[in-house]
2 protein chains.
Amino acid sequence: MTDIDIQTYMQTLGRQARQASRALGRAETGVKNDALLQIAAAIEQSTERLLAANEKDLAAGRANGLDAALLDRLELNAERIATMAEGLRQIAALPDPVGAIRDMAYRPSGIQVGRMRVPLGVVGIIYESRPNVTADAAGLCLKAGNATILRGGSEALHSNMAIAECIHAGLRRAGLPETAVQVVETTDRAAVGELIRMNRYVDVLVPRGGKSLIERITQEATVPVIKHLDGVCHVYIDDRADREKALQVALNAKTQRYGTCNTAETLLVAAGIAESILPELAERYSAAGVELRGCERARALVPSMRPATEEDWSEEYLAPILAVRIVDDLDQAIEHIETYGSHHTDAIVTEDYSRAWRFLREVDSSSVMVNASTRFADGFEYGLGAEIGISTDKLHARGPVGLEGLTTEKFVVLGDGHIRR
Amino acid sequence: MTDIDIQTYMQTLGRQARQASRALGRAETGVKNDALLQIAAAIEQSTERLLAANEKDLAAGRANGLDAALLDRLELNAERIATMAEGLRQIAALPDPVGAIRDMAYRPSGIQVGRMRVPLGVVGIIYESRPNVTADAAGLCLKAGNATILRGGSEALHSNMAIAECIHAGLRRAGLPETAVQVVETTDRAAVGELIRMNRYVDVLVPRGGKSLIERITQEATVPVIKHLDGVCHVYIDDRADREKALQVALNAKTQRYGTCNTAETLLVAAGIAESILPELAERYSAAGVELRGCERARALVPSMRPATEEDWSEEYLAPILAVRIVDDLDQAIEHIETYGSHHTDAIVTEDYSRAWRFLREVDSSSVMVNASTRFADGFEYGLGAEIGISTDKLHARGPVGLEGLTTEKFVVLGDGHIRR
């Protein structure tokens, strides 16, 4: 396709999405749930077809020399397909956020004013190789009453198109327009360039993937973006911490999983408790295979640590590595977090009431925690149901983004012929 | 100043604002209120000085040939100064949104999760000639716990600096850092270019002014923008409308004030009621001095109307002109609003329950109304207190933006040594 063809093609998708978003916006909860269950059934019934389409992508990927990690992300198998279907059923079971009205109240003028929760409209999802995102993201957007335009990685195109067929079958059976979920069928990069600037047809972009993808889209998009950048998360062990809780939380936050954005990457320890806790903690980390990189004061207590460099304080390792710094007190801990952190998730371990509340108030992160592992920062753990991502932005949606983050509110005014004086 | 000097200067303002935002974020409600009252007092006590500074701007404006409307917006007088001070006192009287926690609940894992309302951080305000914005915007941001960087029009620089002195005096007396409110002291345009791309130091931009200013900033900014573009507002008179209410609402929405964004610019009338209501309505509009521009069907009933062109349907007149179209029914009315409207404020006049609810659900505007004048779309009328603007965006803040729109929420997690399994 030429660039002009792509522009025309994307504009057509956009126009169709806008049109479909109006049907979805007024669709009853039962109809949306029916569509989700029908899609889940279609996916399960199409297991063979999905595997065959995925095999094409995998073969091409192998031929193109994709590395093992990428091939793993690209792969569908019977279990992953069942998980996709199950995810859609879970979304169907969530309460519908659309149409809820809050704070309806009479004003002195006689009008009643409140706010109604409504869909955003059209959501553009840009993602990389995982084909399951096609079903997960479309499902969440559908439940929130939004139309979606999905642009997956070119290496997953056959898989994504096969999943889209199941989605369309499900929408059709529920009586909703197929254009409610559209997969971009060209792998040309110009399609992304067009998508992120179609302000007339697209209300918000949700990019999912590596940091370079997110940064590029943020720089170039004129459509607003809900995004996740880094997770440089901290655990601060205060000198009034309970020793056992501190050991538990600090270990869990780092070692429960290494590759996730809510894993702790820096441990801050108050000077007053460092001598009594750091050596034992270092031993336990070491037993778990975690490499420690410490400041000078930390290394004085645990000489086996590698010295930390300035870069270590802002590094998202996503690996069994942990930066360790001894700080004088809560003030220095907060200062460190505000200077080097990514405003994602930070935790304090303390028994001190005032310090716990100061930490909650003053640390400017999407999740702040007392005596709990940073690994809890997750849509399911928070009770939001599935999440479309974790936002490190401050506007609109912050932290795990579930159905509510895919909606907005408008003002509703009821009068009886009221006019302004 | 050279461009490099300006960059350094703006970065310094940014760093100072970020620093001050932390002091403001943890400031007690009483301290913030005290600052607002102190600033109000300082403004009143400085009336002479403010008038003198303003006279400099006015003299320069006259010398530069500014038009009468612009000079009027630029002018301060004793009454306007008193209004500024009164506005600050009203902001002091509003409830503090910061720190409120909602939906705190236990999760199956044992942690408690809720959301805490917190300041956005640093707000950049870019505005044109009205010097009162300096006090209004800074006051609202201050109450919401944000630091501000204010960039007013170059023609109002002396006035703005004089107001800033009062603000600094008030902040000082309340024990808050003066850098909580900073006025950009250069009129170089490069300063704006820097401000709108300082993502590290500025969390959100609120441009206030004409459409070209807003569009330029939206195109060039990498910092998120809360903005107001057009107000192409509609009143739809359904054929099940109460005749008297319809006359009242349609007249008030257009004629109560012409230059405001929530003034109706297009009147839609259902074919079934047009013959009985449009001629009388046309007479009343005519008596009020409003020029009507109608579709063919409207002109068949009121031949004195000028014919409307396609452009009229999307025009924000801000003047005593009204476009009039006869539509078949509610569906065509909604279709018209979605096609030509600006998603600001739209009203239906009807006694029909189902149609009223369909209109509320399906019209995708920041305010939707039944049997009430569009002129009610306003922060004061809605009970938000003062507003920093009316957002026509969908994300974060939609409709009148008061204190809540200048804050965000973060997740708060309370545990007792809880770890993720």
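Above this text you will find the structure in question.
A. A look at the overall build of chain A. When helices and strands are counted, chain A shows 14 helices and 16 strands. Scaling as 2.2 N^0.38, a compact globule of 421 residues should have a C-alpha radius of gyration of about 22 Å, and chain A matches this with 24 Å. A principal-axis box enclosing the C-alpha atoms of chain A has dimensions of 70 × 65 × 40 Å. A total of 421 residues make up chain A; the buried ones form 54% of that total. Across chain A, the fraction of contacts at a sequence separation of at least 24, relative to all contacts at a separation of at least 6, is 72%.

B. Just the sheet that holds strand 16 (residues 407-418) of chain A, in detail. Taken in spatial order, the ten strands make up an open sheet running 1(A)-2(A)-16(A)-13(B)-12(B)-7(B)-8(B)-11(B)-9(B)-10(B), and their pairing is mixed. Looking at the sheet topology across the chains shown, the edges are occupied by strand 1 (101-106) of chain A together with strand 10 (306-307) of chain B. In the packing of helix 13 (residues 330-340) of chain B onto the sheet, the strands contacted are strand 7 (233-237), strand 8 (264-270), strand 11 (321-327) and strand 12 (345-349) of chain B, and the crossing angle to strand 11 of chain B comes to about 140 degrees.

C. Layout of unusual backbone geometry. Residues and elements named next belong to chain A. The backbone of histidine 396 sits at a positive phi, close to 65 degrees, despite the residue not being glycine. Along the polypeptide, histidine 396 turns up in the loop between strand 14 (389-391) and strand 15 (399-401). For histidine 396, a count of 21 C-beta atoms within 10 Å translates into the label buried.

D. Spotlight on the nonpolar core. Membership of the largest hydrophobic core comes to 263 residues, with the highest contact counts inside it found for Ile43, Leu205, Val235 and Ile237 of chain A together with Val235 and Ile237 of chain B. Setting aside residues no more than four positions away along its own chain, isoleucine 237 of chain A makes contact with Ala246, Ala250, Val269, Ala270, Ile273, Ile277 and Val349 of chain A.

E. Structural view of the relation of the copies chain B and chain A. Note on the copies: chain B fits chain A at an RMSD of 0.1 Å, the axial shift is 0.0 Å, and the rotation between them is 180 degrees. Taken together, the rotation and translation relating the two chain copies correspond to the operation of a two-fold axis. Considering only C-alpha atoms, the part of chain B nearest the rotation axis is histidine 396 of chain B, at 1.9 Å. Residue by residue, 100% of the interface of chain B is reproduced at the interface of chain A, so both copies engage with the same surface.

F. Just the interface of chain B and chain A, in detail. Contact with chain B, which involves 56 residues of that partner, is made by 56 residues of chain A. Within the residue set of the side of chain B that touches chain A, elements represented by two or more residues are strand 2 (112-119), helix 10 (243-255), helix 14 (353-362), strand 13 (367-372), helix 15 (379-382) and strand 16 (407-418) of chain B. Among the elements that line the side of chain B that touches chain A, the one with the most residues is strand 16 of chain B, at eleven residues. When its residues are assigned to classes, the side of chain B that touches chain A shows 20 nonpolar, 19 polar and 17 charged. Bridge count for strand 13 (residues 367-372) of chain A against strand 16 of chain B is five bridges, and the pairing is parallel. Looking across to strand 16 of chain B, one finds that valine 370 of chain A is bridged to leucine 414 of chain B.

Rules used throughout
Residues numbered from 1 in each chain as written. Chains lettered and ligands numbered in written order. Predicted model: local features only at pLDDT ≥ 70, side-chain atom pairs only at ≥ 80, totals over all residues. Helix = DSSP H or I, 4+ residues; strand = E, 2+ residues; numbered from the N terminus. Rg over C-alpha atoms; globule rule 2.2 N^0.38 Å. Buried ≥ 20, exposed ≤ 12 C-beta atoms within 10 Å, placed from the backbone. Contact = placed C-beta atoms within 7 Å. Pairing = 2+ DSSP bridges. Axes fitted to C-alpha atoms, helices over the stretch in contact; angles between N-to-C directions. Core = buried A, V, L, I, M, F, W, Y, C linked by C-beta atoms within 7 Å. Least-squares fit on C-alpha atoms with pLDDT ≥ 70 in both. Nonpolar A, V, L, I, M, F, W, Y, C, P; charged D, E, K, R; others polar.

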